[in-house]
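Notes for the structure review
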Amino acid sequence: MMRLLTGTATSPSDSFDFVPQSVAAFGSTVLVEGCDHTRSIAWVHAWTVTDGIITQVREYFNTSLTVTRLGNTDRSSPSDLSPASITALHCPSVWESSLSNQVGKSVPGLVLAI
């Protein structure tokens, strides 16, 4: 993998084409998803963009990724929670990878909170 990422790969079998199949943005987080069917690899990149510059990259291979948005709360302790406020703390899913089920094998799941 290091030869691939540094550009020193010499064999065509060492190459890997990152062809995005979907792009979604949520605030400063950009999600890019793709799949290489010949190698049975699905991938998701989660980029953090600040002032138009990618400042952080997280990469997931053969992982089913669910992105959820964390809610804000002004409560100081769990004892302050009422049934109505528990609903407000629910972290809704805002995006789910769709290509991980196309690689022909079981993959682990992961939740990314933004």
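Within each chain, residues carry numbers counting from 1 in the order of the written sequence. In keeping with the predicted nature of the model, local features appear solely for residues at pLDDT of at least 70, side-chain atom pairs appear and are counted solely at 80 or more, and the whole-chain, interface and lining totals rest on all residues. Working from all heavy atoms in the structure, the side-chain values ignore hydrogens and water.

Looking at an unreviewed UniProt entry, one finds the protein chain named Wound-induced protein, with Actinidia chinensis var. chinensis as its source organism.

**Here's the deal with unusual backbone geometry**
Even without being a glycine, aspartate 51 presents a positive backbone phi close to 55°. Secondary structure counts use DSSP, requiring at least four H or I residues in a row for a helix and at least two E residues in a row for a strand, with both numbered from the N terminus. As for its position among the elements, aspartate 51 is in the loop between strand E3 (41-50) and strand E4 (53-61). For every residue, the accessible area (1.4 Å probe, protein chains only) is compared with the maximum for its type, and the residue is labelled buried under 20%, exposed over 50%, or partly exposed between those bounds. On the basis of relative accessibility, which here comes to 78%, the residue aspartate 51 falls in the exposed class. The backbone phi angle of asparagine 62 is positive, close to 45°, even though this residue is not glycine. Note that asparagine 62 resides in the loop between E4 and strand E5 (64-68). Overall, asparagine 62 belongs to the buried group, its relative accessible area being 16%.

**Focus on the sheet that holds strand E1 (residues 20-26)**
Hydrogen bonds along the backbone pair up the strands of a sheet, which may run parallel or antiparallel. Pairing in this open sheet of four strands is antiparallel, and the strands run E1-E2-E3-E4 from one edge to the other. The two strands at the open ends of the sheet, each matched to only one other strand, are E1 and E4. Looking at each pair of strands side by side, their axes are set apart by 20° on average, direction ignored. At least two bridges found by DSSP between two strands are what make those strands a pair. Helix axes use the C-alpha atoms of the stretch in contact, all axes being lines fitted to C-alpha atoms, and the angles between their N-to-C directions lie in the range 0 to 180 degrees.

**Some points on the environment of glycine 52**
By the element assignment, glycine 52 lies in the loop between E3 and E4. Here glycine 52 falls in the exposed class, since its relative accessible area comes to 70%.

**Quick notes on the side chain of asparagine 62**
Whenever a nitrogen or oxygen atom comes within 3.5 Å of another N or O atom, the pair is scored as a polar contact, on the condition that within protein one atom can donate a hydrogen and the other can accept it, and that pairs from neighbouring residues in sequence are kept only if both atoms are in side chains. Among the polar contacts made by the side chain of asparagine 62, one reaches the main-chain carbonyl oxygen of serine 40 at a distance of 3.4 Å. Setting aside anything within four residues of it in sequence, one finds asparagine 62 in contact with Ser40, Ile41, Ala42, Val103, Lys105, Val107 and Pro108. Residues are treated as being in contact if the distance between any of their heavy atoms lies within 4.5 Å.

**A short note on the environment of histidine 37**
Tracing the backbone through its elements, the reader meets histidine 37 in the loop between strand E2 (29-36) and E3. Classification of histidine 37 as partly exposed rests on a relative accessible area of 48%. The spatial distance from the C-alpha of histidine 37 to the C-alpha of glycine 104 is 9.0 Å, given a sequence separation of 67 residues.

**Side note on the nonpolar core**
Nonpolar cores are built from buried Ala, Val, Leu, Ile, Met, Phe, Trp, Tyr and Cys residues. Side-chain atoms within 4.5 Å join them into one set. By size, the foremost hydrophobic cluster in this structure holds ten residues: Ala24, Phe26, Leu31, Val44, Ala46, Tyr60, Leu65, Val67, Trp95 and Leu112. Contributions of two or more residues to this core are made by E1, E3 and E5. Each residue touching leucine 112, except ones within four places of it in the same chain, is listed here: Leu31, Ala46, Arg58, Tyr60, Leu65, Thr66, Val67 and Thr68.

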